[in-house]
Amino acid sequence: MSKFLWSYLLISPAVLGATLVVSSSAMAADAQQAADALKPQAAQAETGQTSEAKVNALAAVDETTAALKPVEEIAQGTGSETKPAIADASPAATGSAIASATTDPAATNLEAASQPVTESLAAVEPTVAQPVENSAAAKLENPAPAATAVKEQISAVQLETTAPAVAEQAQQNLPSPAQSLAQTVAPQAQNPAATLEQVNEYSSEGSGGETQAQVTSVSQLSDVRPTDWAFQALQSLVERYGCIAGYPDGTFRGNRAMTRYEFAAGLNACLDKVNELIKAGTTNLATKDDLAALQRLQEEFAAELATLRGRVDALEARTSELEANQFSTTTKLTGEAIFALSDDFGGNDGLFGRDNRRVGTGNNEAVFQQRVRLNLNTSFTGRDLLLTRLDVGNGQNFNLGATSEGTQTWNVVGRTDNVFHLGSLLYKFPASNRLNVTIEAANGVWNDFIPTVNPYFEDFDGGNGSLSAFGQSNPIYRLGGGAGIGFDYAFGGRGLLGGVFGPTSLSFGYLASNPASPTKGAGLFNGDYAAMGQLTFTPGRNLQVALTYNHGYFTRGNFGFDNGLGNGPGKLGGFTGTGVANSINGLSEGFSGFRARKVVSNSYGAEASFRLSPRFIIGGWAGLTNARILGLGDARIWNYAATLALPDLGKEGNLLGFVVGREPYLDKLEAPGNLRNFNNDTSWHFEGFYKFKLSDNIAVTPGVIWITNPNQNSNNDDIIIGTLRTTFTF
């Protein structure tokens, strides 16, 4: 009987009924043993035909049972003739009966109860034994016919099946006749030790000498398919209880015959596993002593428990009130306010580099300025972010003529008349565990999704990093901006390093400066735009390097390091760098008698930051911009800087920082005639600041910015700006 069919027999009432019919017939034949001691050969043949008919009736119970094949019976013995009947059945059949008859038909032992035969059976080899003596003494010693050992000869009984190829393989797994016909003692005559020994002995019966190996997943059994009718039951026994074994070749052989001993061994293993699970589930249960001790403690601390219960009730009431009056279940409000006291202690000249004409008065007074940022951070899934930023302030630049050098972070605003405006609108979400996508809807900048490799100085032009816009990051990050899309793919996974640097990543995106305008020469693809890509290497917790490329197209008057602000012709732009560089000596802005020109730029950058210790970090960058003035010529613009950060100096959260470098300056210009004439005196940027945290939400930062030879012109007095910045975060 196959392992699958055993389960089928347990649940099929029709098959059980048929089995009872055969068993009753066998018992009736045993009861007539004394009366029918000797019968002629014709009666013996009739008995064989009757047994065959009964077995056929049993096989017909299953609709899928194959047609019965003729059984060739040859019996040979001493003074007797045996005519066994074997009913061929399909794997879904219940089994077959082998009836061996001596001169006394009542001595027939029905082997079908313990030795089933399926369609995989090919042949049963004969064994020879002595005839059973039919005497009164023997009958008294063995009152139960089922307890009589069968000692007869079964010769060359061959069964024809519908699958001969399978039969040959199953023959190797068939137990020997000695195992099949020996030790058929009635259960009541065996002692428990012998029963256990037989279970252990016969648990491997029919395996052909192969050792079964325990499996932990049903997928390890190569011949078991999800379409098998008993797949779910087998899967539960293997993966949930771990009490089913397979063969070393990775097969289960579900259609192989199984003895009652094998079934007993398998059932015993499953019951042992269930007992283990039950025992494991009750080891940590509380005992009566534990409950008594708990009751004593409850009585002893009754007053404290009552007080605690009252506090919990009060907290629940306050929580309910907050939930009822909260702004949003998905949005969190954060903000930053900057109070800045500043003054320019430098000279009074502001000269434009191309023709040395004076721009502005150069007179500056001490100012007290402010800027407020309100961030509405909304998350719908817990992993995405919808950022809506509102800015308001009055941070105007000092009157420094035609240069943007020394611009401070709170001066990087669209409006300076204390009117709220949309500072940023973006939506960031993870497309996968490693890929983040950022959709910029308004005023997007590159460092929204591209790391600037300057963690202690860069604060999105906020109030917790450097004082100057130049000290925040490489200025080529300010070429272009607006609306578009960005991608950031992390090769090593996010959050693995645990330091101040992010993972190794590839970032790229596209931003258009005027995407909302449908007019000609504007829009998402036909107006000002920039595309940027960066490969960031983070080989360890303490080092990060990046290589950056930026390509941009700017219409007349809109070139400059100004986050894509686009001032238009005649208005100098830029949040960092000399006026000569931001206007390409006036050729991109235009001047009296010369019309502004369009510009195409290709910029290259390299950034690095190295943490020598948790409190000593050095970094820097270099940037080259090759700008082509369409229809006129080419220009070359450089910038570079070195930074030093000493975090937690004096107190956790403090920061001492230094920046030394050159803001973007025009180094070379190829243009006709006197259009290429410009000053190129060395202009240096020196900056130092110390952020001191008064509390978790308040920080005070004094600092100095010193610019030599402003606007690349030694005729200009140095710019020296002193600042006391106070930052409130909430």
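Keep in mind it's a predicted model, so treat the numbers as computed, not measured.

Student: Could you clarify how one ought to interpret the overall build of the protein chain in this entry?
Tutor: A count of helices and strands for the protein chain gives 13 helices and 20 strands. Expressed as a percentage of the 730 residues in the protein chain, the buried residues total 43%. Taking as baseline every contact in the protein chain between residues at least 6 positions apart, the subset at least 24 positions apart corresponds to 66%. Counting only carbon and sulfur atoms, one obtains 57% of the accessible surface of the protein chain, whose full area is about 36,400 Å².

Student: Please clarify how the pattern of salt bridges should be interpreted in this entry.
Tutor: Within the structure shown, the criterion is met by seven salt bridges. When the shortest N-O distance is used, the salt bridge between Arg373 and Asp391 registers 3.6 Å. Residue Arg373 is located in strand β6 (residues 367-378), and its partner Asp391 is located in strand β7 (residues 385-393); the two are separated by 18 residues in the primary sequence. Considered together, Arg373 and Asp391 belong to a single accessibility category, that of buried residues. A salt bridge links Asp417 to Arg415, with the shortest nitrogen-to-oxygen separation between them at 2.7 Å. Overall, Asp417 belongs to the partly exposed group, its relative accessible area being 41%.

Student: I tried to follow the side chain of Glu607 on my own but got confused; where do I start?
Tutor: Residue position: Glu607 is located in strand β14 (residues 599-613). No salt bridge is formed by the buried Glu607, whose closest oppositely charged neighbour, Arg478, lies at an N-O distance of 12 Å. Here the side chain of Glu607 touches Asn474 through a polar contact of 3.0 Å, side chain to side chain. Polar contacts involving the side chain of Glu607 include one to the side chain of Thr548, which spans 2.9 Å. Apart from residues lying up to four places away in sequence, Glu607 is in contact with Thr452, Val453, Asn474, Tyr477, Gln534, Gln544, Val545, Ala546, Leu547, Thr548, Gly620 and Trp621.

Student: Honestly, unusual backbone geometry in this entry has me stumped. Any pointers?
Tutor: Trans peptide bonds make up most of the peptide bonds, and negative phi angles are found at most residues other than glycine. Positive phi, close to 50°, is recorded for Ile584, a residue that is not glycine. As for its placement among the helices and strands, Ile584 is situated in the loop between α13 (579-583) and β14. Its relative accessible area of 0% is what places Ile584 among the buried residues. At Asn711, a position not held by glycine, the phi torsion is positive, near 55°. With respect to the secondary-structure elements, Asn711 resides in the loop between β19 (698-707) and β20 (719-729).

Student: Please clarify how the packing of helix α10 (residues 288-300) against helix α11 (residues 302-325) should be interpreted in this entry.
Tutor: A packed helix pair is summarised by two numbers, namely the angle formed by the two axes and the spacing between the axes. One way to put it is that α10 packs onto α11 with a least axis distance of 5 Å and a crossing angle of 70°. Classed by the angle they form, the pair α10 and α11 counts as roughly perpendicular. On α11, the residues touching Gln298, Glu299 and Glu300 of α10 are Ala302, Glu304 and Leu305. When the residues that make up the contact of α10 with α11 are grouped by side-chain class, the tally is two nonpolar, one polar and three charged.

Student: It is not clear to me how the nonpolar core should be interpreted in this structure. Could you clarify?
Tutor: As a rule of thumb, nonpolar side chains are buried together in soluble globular proteins. Counting residues in each nonpolar core, the largest one holds 28 residues, and the members touching the most others are Trp446, Phe559, Ile584, Leu587, Ile629, Leu666 and Leu669. Contributions of two or more residues to this core are made by β12 (529-540), α13, β15 (616-629), β16 (633-647) and β17 (655-670). Those residues in contact with Ile584, other than ones at most four positions away along the chain, are Phe559, Val599, Ala627, Ile629, Ala635 and Leu669. With 17 residues, the next largest nonpolar core counts Leu400, Tyr456, Phe457 and Ala641 among its residues.

Student: Quick question: what am I supposed to make of the packing of aromatic side chains here?
Tutor: Centre-to-centre distance and the angle between the planes together describe a pair of aromatic rings. Enumeration according to the criterion identifies 19 aromatic pairs in this entry. A ring pair is formed by Phe559 and Phe561, whose centres lie 6.1 Å apart and whose planes are at 70°; its orientation type is edge-to-face. Residue Phe559 is classed as buried on the basis of its relative accessible area, which comes to 1%. Taking the relative accessible area as the measure of exposure, Phe561 reaches 1% and is therefore buried. These aromatic residues form a ring-pair network of at least three members: Tyr640, Tyr665, Trp684, Phe686 and Trp706.

Student: How do you make sense of the environment of Ser695 when you look at a structure like this?
Tutor: Mapped onto the fold, Ser695 is located in the loop between β18 (685-693) and β19. Put simply, Ser695 and Phe728 are 33 residues apart on the chain and 9.7 Å apart in space, counted from C-alpha to C-alpha.

Student: Whenever I open this one, the environment of Asp696 confuses me. Can you help?
Tutor: The topology assignment puts Asp696 in the loop between β18 and β19. Relative accessible area serves as the criterion here: at 65%, Asp696 is assigned to the exposed category.

Analysis parameters
- Residues numbered from 1 in each chain as written.
- Predicted model: local features only at pLDDT ≥ 70, side-chain atom pairs only at ≥ 80, totals over all residues.
- Heavy atoms only, no water.
- Helix = DSSP H or I, 4+ residues; strand = E, 2+ residues; numbered from the N terminus.
- Buried < 20%, exposed > 50% of the residue type's maximum accessible area, 1.4 Å probe, protein only.
- Contact = heavy atoms within 4.5 Å.
- Areas by Shrake-Rupley, 256 points an atom, 1.4 Å probe, with all protein chains shown as cover.
- Salt bridge = Lys/Arg side-chain N within 4 Å of Asp/Glu carboxyl O.
- Lys, Arg positive; Asp, Glu negative; His and termini not counted.
- Polar contact = N/O pair within 3.5 Å; in protein donor to acceptor, adjacent residues only side chain to side chain.
- Axes fitted to C-alpha atoms, helices over the stretch in contact; angles between N-to-C directions.
- Parallel < 35°, antiparallel > 145°, perpendicular 65-115°, else oblique.
- Nonpolar A, V, L, I, M, F, W, Y, C, P; charged D, E, K, R; others polar.
- Core = buried A, V, L, I, M, F, W, Y, C linked by side-chain atoms within 4.5 Å.
- Phe/Tyr/Trp six-rings, centres within 6.5 Å; stacked < 30°, edge-to-face > 60°.

Any functional reading would require information that these geometric values do not contain.
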